[in-house]
Amino acid sequence: MSLGSGDLITVGGEPTPDTLVAEGLAAKKIEGRSPWRLAMARLRRDHASMISLGVIIVIVLVAIFAPVFAALTGHGVYQEFRATGLTPEGLPVGPSGTFLLGTDDQGRDILVRIAYGARISLVVGVLATFLTVVVAAVVGLAAGYFGKTVDTLLARLIDMLLAIPFLLFAIALVSVIGPGLAVVIIVIGFFGWASVARIVRGQVLSIREKEYVEAARALGAGPWRIMVVDILPNVIAPIIVYTTLLIPLTIVTEASLSFLGIGVPPPTADWGQMINESSLYYTSGAWWFLLFPSLALLITTLAFNIFGDGVRDALDPRGLDQLYV
Amino acid sequence: MARFLIRRIVLGLVVLFLVTVVVFLIFYVGPGRADVARTLAGREATPQTVALIAHRLLLDRPLIVQYGHFLSLLLHGNLGYDYYHDQSVNSILKAAFPITLSLVAGAAILWIIIGVLTGVVSAVRSRSLLDRTFTGLALLFYSMPTFVLGYLLLLIFYYEFSIHGIHAFPGSGYTPFATSPFGWFRGLVLPWITLALVSAAAYTRLTRGSMLDVMGEDYIRTARAKGLSERRVIFRHGLRAALTPVVTQFGIDVGILFGGAIITEQVFGLPGLGFTAVQAIEQQDLPVIIGVVLVVATAVVVANIVVDAFYAVLDPRVRLH
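Values in this document were obtained by computation on a predicted structure and should not be read as measured data. (Residues numbered from 1 in each chain as written. Chains lettered and ligands numbered in written order. Predicted model: local features only at pLDDT ≥ 70, side-chain atom pairs only at ≥ 80, totals over all residues.)

### Quick word on the overall build of chain B
Here comes step 1: When helices and strands are counted, chain B shows 13 helices and zero strands.
Here comes step 2: Helices and strands in chain B line up, N terminus first, as α-α-α-α-α-α-α-α-α-α-α-α-α.
Here comes step 3: Here the analysis covers contacts within chain B between residues at least 6 apart in sequence; of these, 70% occur between residues at least 24 apart. (Helix = DSSP H or I, 4+ residues; strand = E, 2+ residues; numbered from the N terminus. Contact = placed C-beta atoms within 7 Å.)

In structure tokens, the structure reads:
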């Protein structure tokens, strides 16, 4: 635990006016630090988290400026270079001055496609996670707060969703609705909330019995007010931790769906899909086609996981290990 | 204990029933039904043929009739027949199950050993170089999508080895144990490693965290004060208590994976339950989908009950009710 700078000053005997002033300032400073600011300070001191945050920012920039990669290389994301980008046998060509990371089976520039692929991963990762967490929070709050029939019903629903492997469920849903970016986001968002909802429910169950909730009820607050004003702020920390740790999971789920050929349909550039396509070509020696999209995906999930770990440690320095899934 | 089991089994059956209803609903809402009959009838088929096929497969009947038919068959232990080859779903599942079982059982043994050992070492030698290495590796594999690891292993141990004349592992496919135990083993090594490393990572982290909590408890100090050897303190007193969350996670993971390690089976061309499910979903082959989903859901439900019962064994304070 860090101490305020005031502790360092009061070493000597009689306080001089100078130290008194300094102490006053320091005391004010300590007073002004909310738990959130303390958490931020802890997070900022964690080198691994800061480095991974830097990596995440770079990935976001790559996604935003993907067209710049296309312009600089002169290779469009869908552009097929059948003459220069494929060997006479029609196989992908390796990394070179023209194609920095090589080409894929259609003679397209892998570097440019990885840059565009970052867009899909990030958009799905963030939006679907956001949806998941919102649904989970609402369900968890309702189940935990209302209890009785509502809780029994929602708890059974959660059990049921957890009894079907999510990937299998997602595949079934996507195959029925039909593939597409929005479908992937909605399927992950609306059906992946069960495990988070269970955690939120557990937290709400214990908070519901606290005196301040009773006080609010005695003052005439309605259930919605109590849930939003009194309970939600107290479960927001685990929700934030979950959100950061869910993003990489969501990115992997999206990539897995695309890998299985039922995510974002081609020719949209997508990392999972690129890895799937490359699986037919690595035996012809086209290692770059497999390796570079894999690295892009791995670096992204790794950065988010390290950052998520840092956020968890910062919000709860004692370590809330049950937050792991 | 008996009351606990009965209660949980009844609840489990309710969950299973709901699962079948949900799968039926999803299928009924989607366009799958029309497609199945049309695909089966072939390109030149008249609408009459399509209608006839749909009729024969009950696809033109209301949801409740189809579901009733499914239930009445199920009560006789029959999961029905697939739409395309008229094979019984029971036999399809029976063919796929040993493959998934081989894959998951082997991988599970590997990952629980790797995960718990590295977790214990990390916790006991907290902040040492070994701890940092293990936690770092755990984070790496935890972040690694299964198919990425699978293909990277194939790239190195199948492709690179092959071009240098070493044919250590097959690129894909499954050899039954009965045909050739060595072939069976050889074909499963890479899938086992893939699934084990990806899963072990979570166990390293879980065991480490849980072990760190437990080793700070008073009774550990008491055990040390009694003069017990450190090894005995760690394994008999510490690990036993620390294992509770690990066992929970293990039960759930194994249960879910019995429904097919979908991605691993896909990467290594192992025609297990997950592989079968993906194929069935692509063809909208409802009886097969339902069959696989039921197997998975049953495995998950059973795993949950076993895990809860196991608590009582690990921790005498837990009372089952």
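### Topic: the overall build of chain A
Here comes step 1: Secondary structure summary: chain A contains 14 helices and zero strands in total.
Here comes step 2: The N-to-C order of helical and strand elements in chain A reads α-α-α-α-α-α-α-α-α-α-α-α-α-α.
Here comes step 3: Counting all 325 residues of chain A, 44% fall into the buried class.
Here comes step 4: Sequence separation of 24 or more characterises 68% of the internal contacts of chain A that already satisfy a separation of 6 or more. (Buried ≥ 20, exposed ≤ 12 C-beta atoms within 10 Å, placed from the backbone.)

### Details of the interface of chain B and chain A
Here comes step 1: Every contact between the two is made by 39 residues of chain B and, on the other side, 34 residues of chain A.
Here comes step 2: Contributions of two or more residues to the side of chain B that touches chain A are made by helix H1 (2-29), helix H6 (129-143), helix H7 (146-163), helix H8 (181-215), helix H11 (262-267), helix H12 (273-282) and helix H13 (286-314) of chain B.
Here comes step 3: A breakdown of the residues in the side of chain B that touches chain A according to their chemical character gives 30 nonpolar, seven polar and two charged. (Nonpolar A, V, L, I, M, F, W, Y, C, P; charged D, E, K, R; others polar.)

### Section: the packing of helix H8 (residues 166-177) of chain A against helix H12 (residues 223-259) of chain A
All names here are of chain A.
Here comes step 1: Running from N to C, H8 and H12 point in directions that differ by 55°, and their axes come no closer than 11 Å. Here H12 runs oblique to H8, going by the angle between their axes. Where H8 crosses over H12, the two elements pack in a sense that is right-handed. From H8, Leu-167, Ala-170 and Val-174 reach across to H12, where they touch Thr-253, Ser-256 and Leu-257.
Here comes step 2: By residue class, the composition of the contact of H8 with H12 is four nonpolar, two polar and no charged. (Axes fitted to C-alpha atoms, helices over the stretch in contact; angles between N-to-C directions. Parallel < 35°, antiparallel > 145°, perpendicular 65-115°, else oblique. Left-handed = near helix turned anticlockwise from the far one by under 90°.)

### Side note on the environment of Arg113(A)
Residues and elements named next belong to chain A.
Here comes step 1: The topology assignment puts Arg-113 in helix H6 (residues 110-146).
Here comes step 2: Sequence spacing of Arg-113 and Pro-293 is 180 residues, and the spatial spacing of their C-alpha atoms is 8.9 Å.
Here comes step 3: Beyond its immediate stretch of four places on either side in the chain, Arg-113 contacts Val-77, Asp-104, Arg-108, Ala-269 and Met-274.

### Some points on the environment of Thr248(B)
Residue and element names in this part refer to chain B.
Here comes step 1: Along the chain, the position of Thr-248 falls in helix H10 (residues 230-258).
Here comes step 2: The class of Thr-248 is partly exposed, set by 17 C-beta atoms lying within 10 Å.
Here comes step 3: Each C-alpha atom, one on Thr-248 and one on Phe-182, is 33 Å from the other, the two residues being 66 residues apart in sequence.

### Side note on the nonpolar core
Here comes step 1: In terms of nonpolar packing, the biggest core is built from 172 residues, with Leu168(A), Ile171(A), Ile289(B), Val293(B) and Val296(B) touching the most fellow members.
Here comes step 2: When residues in this core are grouped by element, the largest group, 20 residues, is from H6(A). (Core = buried A, V, L, I, M, F, W, Y, C linked by C-beta atoms within 7 Å.)

### Topic: the confidence of the model for chain B
Here comes step 1: Mean pLDDT over chain B works out to 83, with 89% of the residues at or above the 70 mark.
Here comes step 2: Quick note on the complex model: pTM equals 0.82, ipTM equals 0.81. (pLDDT = per-residue confidence, 0-100.)

### Observations concerning the confidence of the model for chain A
Residue and element names in this part refer to chain A.
Here comes step 1: Looking at chain A as a whole, the pLDDT averages 82, with 87% of positions reaching at least 70.
Here comes step 2: The lowest-confidence element of chain A is helix H1 (residues 6-9), averaging 42 in pLDDT; the highest-confidence one is helix H4 (residues 47-64), averaging 93.
Here comes step 3: Here residues 1-13 is a poorly scored stretch, pLDDT under 50, and it has 14 contacts once near neighbours within four places are set aside; other chains count.
Here comes step 4: Predicted confidence for residues 319-325 stays below pLDDT 50, and this span has twelve contacts to residues more than four positions away or in other chains.

### Thoughts on the packing of H8(B) against H10(B)
Residues and elements named next belong to chain B.
Here comes step 1: Axis separation between H8 and H10 bottoms out at 8 Å; the angle between their running directions is 150°. Considered as vectors, H8 and H10 are oriented roughly antiparallel to each other. Handedness of the H8/H10 crossing: right-handed. In this structure, H8 uses Ser-199, Ala-202, Tyr-203, Leu-206, Thr-207, Ser-210, Met-211, Val-214 and Met-215 to contact H10, whose residues at the interface are Gly-238, Leu-239, Ala-241, Ala-242, Pro-245, Val-246, Gln-249 and Asp-253.
Here comes step 2: When grouped by side-chain class, the residues that make up the contact of H8 with H10 number eleven nonpolar, five polar and one charged.

### With respect to the environment of Pro165(A)
Here comes step 1: Assignment of secondary structure puts Pro165(A) in the loop between helix H7 (148-163) and H8.
Here comes step 2: Distance in space between the C-alpha atoms of Pro165(A) and Glu211(A) is 39 Å, their sequence separation being 46 residues.

### Structural notes on unusual backbone geometry
Here comes step 1: The linkage connecting Pro266(A) with the following residue, Pro267(A), adopts the cis geometry, with an omega of 10°.
Here comes step 2: With respect to the element layout, Pro267(A) can be found in the loop between H12 and helix H13 (271-278).

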